[in-house]
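Report on the structure
In case you want the letters, here they are:
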Amino acid sequence: MTSPRHDGPVVHDWAVVPLAGTDFDPVPHRLLHEEPVARVRLPHGEGHAWLVTRYEDVKQITADPRMSRALTVGRPITSMTPHTLAPPGGVGRADPPDHTRLRKLLAPTFGRRRMTALRAHTERTAGMLARRTHDAGPPTDLAETFIGPLATTVVAELLGVPAADLGRVEHWRARLLRHDTTATEGESVKKEIAGYFADLARQRADYPADDLISELAAARATGGISTPELVSTAVMLTLNGLDAVRNIVATMVYVLLVHPDQTGKLRGDLDRLPRAVDELLRFVPQRNGVGMPRVATTDVEVGGVTVRAGEAVYVFYPAANRDPAVYTDPDRLDLGRDEAPHLAFGHGAHYCAGAQLARMEAEVMLATLLTRFPGLALAEPPDRIAWRTGTVNRGPETLPVTW
Ligand code: HEM
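Description of the structure in this document. (Residues numbered from 1 in each chain as written. Predicted model: local features only at pLDDT ≥ 70, side-chain atom pairs only at ≥ 80, totals over all residues. Heavy atoms only, no water.)

**Some points on helix α10 (residues 260-267)**
Of the positions making up α10, those classed as buried are Gln 262, Thr 263 and Leu 266. Angular distribution of buried residues about the axis of α10 spans 100°; they occupy a single face of the element. Among the exposed residues of α10, those pointing more than 90 degrees away from its buried face are Pro 260, Asp 261 and Lys 265. Buried-residue contacts for α10 involve α9 (227-257), α11 (273-283) and α13 (355-372). (Buried < 20%, exposed > 50% of the residue type's maximum accessible area, 1.4 Å probe, protein only. Helix = DSSP H or I, 4+ residues; strand = E, 2+ residues; numbered from the N terminus. Arc of directions from axis to C-beta. Contact = heavy atoms within 4.5 Å.)

**Some details on the site of the ligand**
As a matter of local geometry, the ligand sits amid 26 residues, with His 99, Arg 103, Tyr 317, His 350 and Cys 352 nearest to it. Arg 103 has a polar side-chain atom sitting 2.7 Å from an oxygen atom of the ligand. In the environment of the ligand, an oxygen atom lies 2.5 Å from a nitrogen or oxygen atom belonging to the side chain of Tyr 317. For the shell around the ligand, the secondary-structure elements that each account for two or more residues are α3 (98-110), α9 and α13. Per element, the largest residue contribution to the shell around the ligand is seven residues, and it comes from α9. (Near = heavy atom within 4 Å. Polar contact = N/O pair within 3.5 Å; in protein donor to acceptor, adjacent residues only side chain to side chain.)

**Describing the pattern of salt bridges**
Applying the stated criterion to the full structure yields 23 salt bridges. Of the charged contacts in the structure, one is a salt bridge between Asp 331 and Arg 322, with a shortest N-O distance of 2.9 Å. Assessed through its relative accessible area of 39%, Asp 331 is described here as partly exposed. Overall, Arg 322 belongs to the buried group, its relative accessible area being 4%. Its salt-bridge partner being Glu 380, residue Arg 384 comes within 3.8 Å of it at the nearest N-O pair. Using a relative accessible area of 29% as the deciding quantity, one classes Glu 380 as partly exposed. (Salt bridge = Lys/Arg side-chain N within 4 Å of Asp/Glu carboxyl O.)

**Quick look at the coordination of the iron atom of the ligand**
Protein coordination of the iron atom of the ligand is limited to a single donor, Cys 352 (SG), positioned at 2.2 Å. Within the fold, Cys 352 resides in the loop between α12 (317-320) and α13. (Donors = N, O, S within 2.8 Å, 3.2 Å for Na, K, Ca; no water.)

**Some remarks on the side chain of Asn 247**
Here Asn 247 is to be found in helix α9. Look at Asn 247 and you get buried, because its relative accessible area is 0%. Among the polar contacts made by the side chain of Asn 247, one reaches the main-chain carbonyl oxygen of Asp 243 at a distance of 3.0 Å. With residues near it in sequence (within four places) discarded, Asn 247 still touches Arg 388, Asn 393, Arg 394, Gly 395 and Pro 396.

**Description of the pairing of strand β4 (residues 49-52)**
Neither face of β4 is open: one carries Ala 49 and Leu 51, the other Trp 50 and Val 52, and all of them are buried. The sheet contact formed by strand β3 (residues 37-41) and β4 spans four bridges and is antiparallel. By the bridge assignment, Val 40 is partnered in β4 with Ala 49. Direction of pairing for β4 relative to strand β10 (residues 312-315): parallel, over a ladder of three bridges. Looking at β10, one finds that Trp 50 is bridged to Val 313. (Pairing = 2+ DSSP bridges.)

**Quick notes on the packing of α3 against helix α4 (residues 112-136)**
Two elements in contact, α3 and α4, have axes separated by 5 Å at closest approach and are oriented at 40°. Judged on the interaxial angle alone, α4 and α3 are oblique. Counted together, Pro 108, Thr 109 and Phe 110 of α3 and Arg 112, Arg 114 and Met 115 of α4 form the full contact between these two elements. Across the contact of α3 with α4, the residue classes break down as three nonpolar, one polar and two charged. (Axes fitted to C-alpha atoms, helices over the stretch in contact; angles between N-to-C directions. Parallel < 35°, antiparallel > 145°, perpendicular 65-115°, else oblique. Nonpolar A, V, L, I, M, F, W, Y, C, P; charged D, E, K, R; others polar.)

**Some remarks on the packing of aromatic side chains**
What the rule picks out here adds up to seven aromatic pairs. Ring centres of Phe 24 and Phe 316 lie 6.3 Å apart, and the angle between their planes is 75°; this geometry places the pair in the edge-to-face category. Of this pair, Phe 24 sits in the loop between β2 (8-13) and α1 (26-34) while Phe 316 sits in the loop between β10 and α12; the two residues are 292 residues apart in sequence, bridging distant segments of the chain. By way of ring pairs, the aromatic residues Trp 14, Phe 24 and Phe 316 are connected into one cluster. Its guanidinium or amino end placed over the ring of Phe 283, Arg 322 lies 4.7 Å from that ring's centre, counting from NZ or CZ. (Phe/Tyr/Trp six-rings, centres within 6.5 Å; stacked < 30°, edge-to-face > 60°. Lys NZ or Arg CZ within 6 Å of the ring centre and 35° of its normal.)

Remember that the coordinates give geometry; whether it matters functionally is a separate question.
Written out as structure tokens, the structure reads:
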């Protein structure tokens, strides 16, 4: 649906339609090909915003210091959800110098040394979960018995969320990440999460452990981070660590199982796995709708369009990953593809802080499944798999498999 405007191009209505499997959302797909910088109106918020879909344009906008996240705070910008997922103050909604300071605090946690140690721990947990799943026998819901629990354990380990509290965290995640959660409900859940992390940080300030919350609590004691920043950052890490990884890896496994020829070749040469994971990250449309906008601090030219100072701009990374100017036959999965780096983890200053972690988790999970379950297959025909709708991240409701 489009509607003409008196003062410029048409505004495209971008509804949240239920999508199955790896079906690409038709609105951004069409705009990528027909109107790569377009005006869109999303289901919530007010007015309209720009949507940028081409690879080079997306890179330009996300690397441009004139595009602000801090200016999105408190503005009713047209959006996918009635409430903003990330509370103000966290990395996602800060500009330099605050953003730079916060990312520096996170850097050691997600750095190479910590990741190497965490990989060994992840491999052990994956081995244990795979054994348990195998012993229980087929069929099983792999998202429930293997992928979800692994993602939860890893992020809890990193942050320092005690195992006994994981149920609560899981409950918040489920409530927050639904599109039909009202603004009031969303605010009340965020308040609960914020209270939880504020308490945890207080405990860790007195009894520090080897985890991120302890590091952030220590930084707060010396004025390196404020309490709202600490809480907001912890919330963002928890939501991404649990939900993004669970949904994307489950979708990756689905994609592998519906491409048995390519998967067979991969199984025979697991050295190709890192490249295959990158192709899966490029190919999997990770989310329903679009994430957080940016606001132009001054007039900015992009793709032949002038974005005026004060206007909101969304980039859509999954569309950039399907740009035919960059990828040959972009809508086709090619596990051996060796083209431009994908933008699934974003680009520029707000590039995903957990990218190395997510990639490591995906590699460990896929390697474990491919080696321990040589006969792995979907237990239902692909078109019988139910997909999450009304959620931020896309993924299967359940992933029934057999072997
Ligand atoms: C496969 C899984 C994941 C994908 C596809 C993904 C993707 C993304 C994307 C597209 C962004 C936004 C970039 C932007 O704002 O322009 C982002 C930001 C972020 N992600 Fe991830 N992410 C994943 C997993 C994780 C994990 C496991 C964590 C940490 C536990 C994490 C932490 C973050 C943080 C903190 C930010 C905000 C960074 C900033 O604004 O400076 N992500 N991620």
